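This is what each chain is made of:
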Amino acid sequence: MITQRFFKRRRFLQYLIGSGLATTAISWLWTLTKTSRAVDLDDFCLTYPHNSQCDDYLPGVQALDEADNPYQADTILAQADTGDRLLAQGLRKEVYLVIEEEPKIASYAISSVCTHLRCTVNWDQAGQEFVCPCHGSRFDSLGRVNRGPARRSLALVTVVVKENQVRLVDREPRENPRT
Ligand code: FES
């Protein structure tokens with residue numbers, strides 16, 4: 001009797017552990033599939049933005065202003081001037097949106113992370129350059145080094161404007177504005 005109960009309990013525990021592991025594995029696989037599908041669609045839709053699969057797809061993450069509100073493309077364009085750089089959040093580190101002629105929002109944004117020791121650079125509108133407050137590196141309006149100690153340009157990320165949203169995609173733009 002005691003032995004029977006022992007085996008029943010053991011089987012029940014094995015069942016519990018087995019189903020727990022299965023649930024964990026399924027949810028892990030689900031997350032992985034979802035993530036890689038999003039990454040694949042980002043790649044695909046950046047290459048073929050007019051493909052029907054991309055009609056309703058919004059790549060990357062929404063760009064947020066300094067108060068954490070989503071930027072609206074029409075509001076930016078109504079207020080910004082050509083040459084402006086607007087700080088945007090949403091990715092791990094802040095980036096600067098670039099306002100080009102017409103005006104329009106450029107298809108790239110410039111990272112705010114200094115390539116010397118990773119301080120956050122500030123945009124100097126009057127001087128039209130990025131200035132690092134830590135050790136004085138300066139970068140031109142496209143993020144190229146004007147003065148060290150930094151040696152590398154500021155990184156670039158991709159920007160997509162769709163459905164009046166400004167979307168940030170954490171990968172280099174397809175066309176390099178510096179070449
Ligand atoms: S961290 Fe920017 S110059 Fe050193």
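In what follows, the structure referred to is the one given above.
A quick note: this is a predicted structure, and the numbers were derived from the prediction, not measured. (Residues numbered from 1 in each chain as written. Predicted model: local features only at pLDDT ≥ 70, side-chain atom pairs only at ≥ 80, totals over all residues. Heavy atoms only, no water.)

Caption draft 1: Broad picture of the pattern of salt bridges. In this structure the tally under the stated criterion is three salt bridges. When the shortest N-O distance is used, the salt bridge between Arg138 and Glu129 registers 2.4 Å. Since its relative accessible area comes to 25%, Arg138 is described here as partly exposed. Relative accessible area serves as the criterion here: at 12%, Glu129 is assigned to the buried category. (Salt bridge = Lys/Arg side-chain N within 4 Å of Asp/Glu carboxyl O. Buried < 20%, exposed > 50% of the residue type's maximum accessible area, 1.4 Å probe, protein only.)

Caption draft 2: Highlighting the pairing of strand S9 (residues 156-162). The element S9 is largely enclosed, with a buried count of six among its seven residues. In the sheet, strand S4 (residues 104-111) pairs with S9 via three bridges, with the strands oriented antiparallel. Residue pairing in the sheet places Ala109 in a bridge with Val157 of S9. Connecting S9 to the next strand, strand S10 (residues 165-169), in antiparallel fashion are two residues, including Glu163 with a positive phi near 50°. (Helix = DSSP H or I, 4+ residues; strand = E, 2+ residues; numbered from the N terminus. Pairing = 2+ DSSP bridges.)

Caption draft 3: Expanded view of the sheet that holds S10. Spatial strand order, S1-S10-S9-S4-S3-S2: six strands in an open sheet with antiparallel pairing. A single partner strand is all that each edge strand has here, and the edge strands are strand S1 (61-62) and strand S2 (85-88). As paired elements, S1 and S10 share two bridges and run antiparallel to each other. Its bridge partner being in S10, Val61 is matched across the sheet by Leu168.

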